[in-house]
Amino acid sequence: MSETLAIIKPDAVASGRTGAILAHLEGAGFRIRALRMTRLNRAQAEAFYAVHRKRHFFRSLVSFMTSGPIIPIVLEADDAVPRFRKAIGATDPAEAAAGTVRALYAESRERNAIHGSDSDANAAAEIAFFFSGSGRLAL
């Protein structure tokens, strides 16, 4: 078993899609190991997305991720990262496979409902950003 991080983004929280997304992920075989609702401030969002600092979308991403509550989630499954990436679909919901989280619940490429770690190393770092130790509390 391995873990990955998901974040239900402000668009999906605001539109009331949290329960449907959680049910979808559990139906896809993921076990929820930790979950919390929080709101990022600008410094936290900039730190979390620092890898994208030089990209053209960085400012809008930070603004979006600080626009409302988010729900970080630690998910567990065999091969959690690649399985989760498949379950959420392409970043652009117009390109996401039918039945994936983004095909079902995302509004656009920028407002795409959910974040997912892209590697085991990033999953570990991202989980540590939001959760720490066996009690899984951070921030």
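The coordinates are above.
What you see is a predicted model; the values in this text were computed from it and never measured.

What the four strands build is an open sheet, ordered S2-S3-S1-S4; its pairing is antiparallel. Two strands in the sheet have a free side with no partner beyond their single neighbour: strand S2 (31-35) and strand S4 (114-116). Pairwise comparison of adjacent strand axes, ignoring direction, gives a mean angle of 30 degrees for this sheet. The sheet contact formed by S2 and strand S3 (residues 71-77) spans four bridges and is antiparallel. Note that in S3 the partner of Ile 32 across the bridge is Leu 75. Sheet contacts for helix H7 (residues 120-130): strand S1 (2-8), S3 and S4; angle to S1, the most-contacted strand, approximately 55 degrees.

The next point concerns the packing of aromatic side chains. The full count for this structure, using the stated rule, is five aromatic pairs. Cluster of aromatic residues (ring-pair linked, three or more members): Phe 48, Tyr 49, Phe 129 and Phe 130. Sitting over the face of the ring of Phe 30, Arg 83 holds its NZ or CZ atom 5.2 Å from the ring centroid.

Time to look at the side chain of Asp 11. Locating Asp 11 in the fold gives a position in helix H1 (residues 10-14). Apart from residues no more than four positions distant in its own chain, Asp 11 is found in contact with Phe 64, Glu 107, Arg 111, Asn 112 and Ala 113.

Right, let's get into the nonpolar core. Proteins that are soluble and globular tend to have nonpolar side chains buried together. Ile 8, Ile 21, Phe 84 and Ile 114 are the most contacted members of the largest nonpolar core, which has 21 residues in total. Within the residue set of this core, elements represented by two or more residues are S1, H1, helix H2 (18-27), S3, helix H5 (80-88) and helix H6 (101-105). Apart from residues lying up to four places away in sequence, Ile 21 is in contact with Ile 8, Ala 12, Val 101, Tyr 105, Ala 113 and Ile 114. Counting 17 residues, the second-largest nonpolar core is a separate cluster that includes Tyr 49, Val 62, Phe 64 and Phe 130.

With that settled, consider the side chain of Thr 66. Its place among the elements puts Thr 66 in the loop between helix H4 (58-65) and S3. Exposure remark for Thr 66: the relative accessible area of 16% places this residue in the buried category.

For the rest of this paragraph, the subject is the layout of surface pockets. Each pocket or cavity is described by its volume, and for the largest pocket that value is around 720 Å³. Forming the boundary of the largest pocket are 25 residues, of which Tyr 49, His 52, Phe 57, Leu 61 and His 115 lie nearest the centre. Only H4, S4 and H7 provide two or more residues apiece to the lining of the largest pocket. When the residues that make up the lining of the largest pocket are grouped by side-chain class, the tally is nine nonpolar, eight polar and eight charged.

A few words on unusual backbone geometry. Phi angles above zero are rare outside glycine, and Asp 79 is one such case at about 50 degrees. Residue placement: Asp 79 occurs in the loop between S3 and H5. Positive phi, normally seen in glycine, also occurs at Ala 113, with a value near 75 degrees. Summarising the element assignment, Ala 113 is placed in the loop between H6 and S4. The exposure class of Ala 113 is buried, given its relative accessible area of 0%.

Each value, and the rule that gives it
Residues numbered from 1 in each chain as written. Predicted model: local features only at pLDDT ≥ 70, side-chain atom pairs only at ≥ 80, totals over all residues. Heavy atoms only, no water. Pairing = 2+ DSSP bridges. Helix = DSSP H or I, 4+ residues; strand = E, 2+ residues; numbered from the N terminus. Axes fitted to C-alpha atoms, helices over the stretch in contact; angles between N-to-C directions. Contact = heavy atoms within 4.5 Å. Phe/Tyr/Trp six-rings, centres within 6.5 Å; stacked < 30°, edge-to-face > 60°. Lys NZ or Arg CZ within 6 Å of the ring centre and 35° of its normal. Core = buried A, V, L, I, M, F, W, Y, C linked by side-chain atoms within 4.5 Å. Buried < 20%, exposed > 50% of the residue type's maximum accessible area, 1.4 Å probe, protein only. 1 Å grid on protein atoms, 1.4 Å probe; cavity = no way out; pocket = protein on both sides within 12 Å on 5 of 7 lines; lining within 4 Å. Points joined across faces, edges and corners; volume = space filled by probe spheres on them. Nonpolar A, V, L, I, M, F, W, Y, C, P; charged D, E, K, R; others polar.

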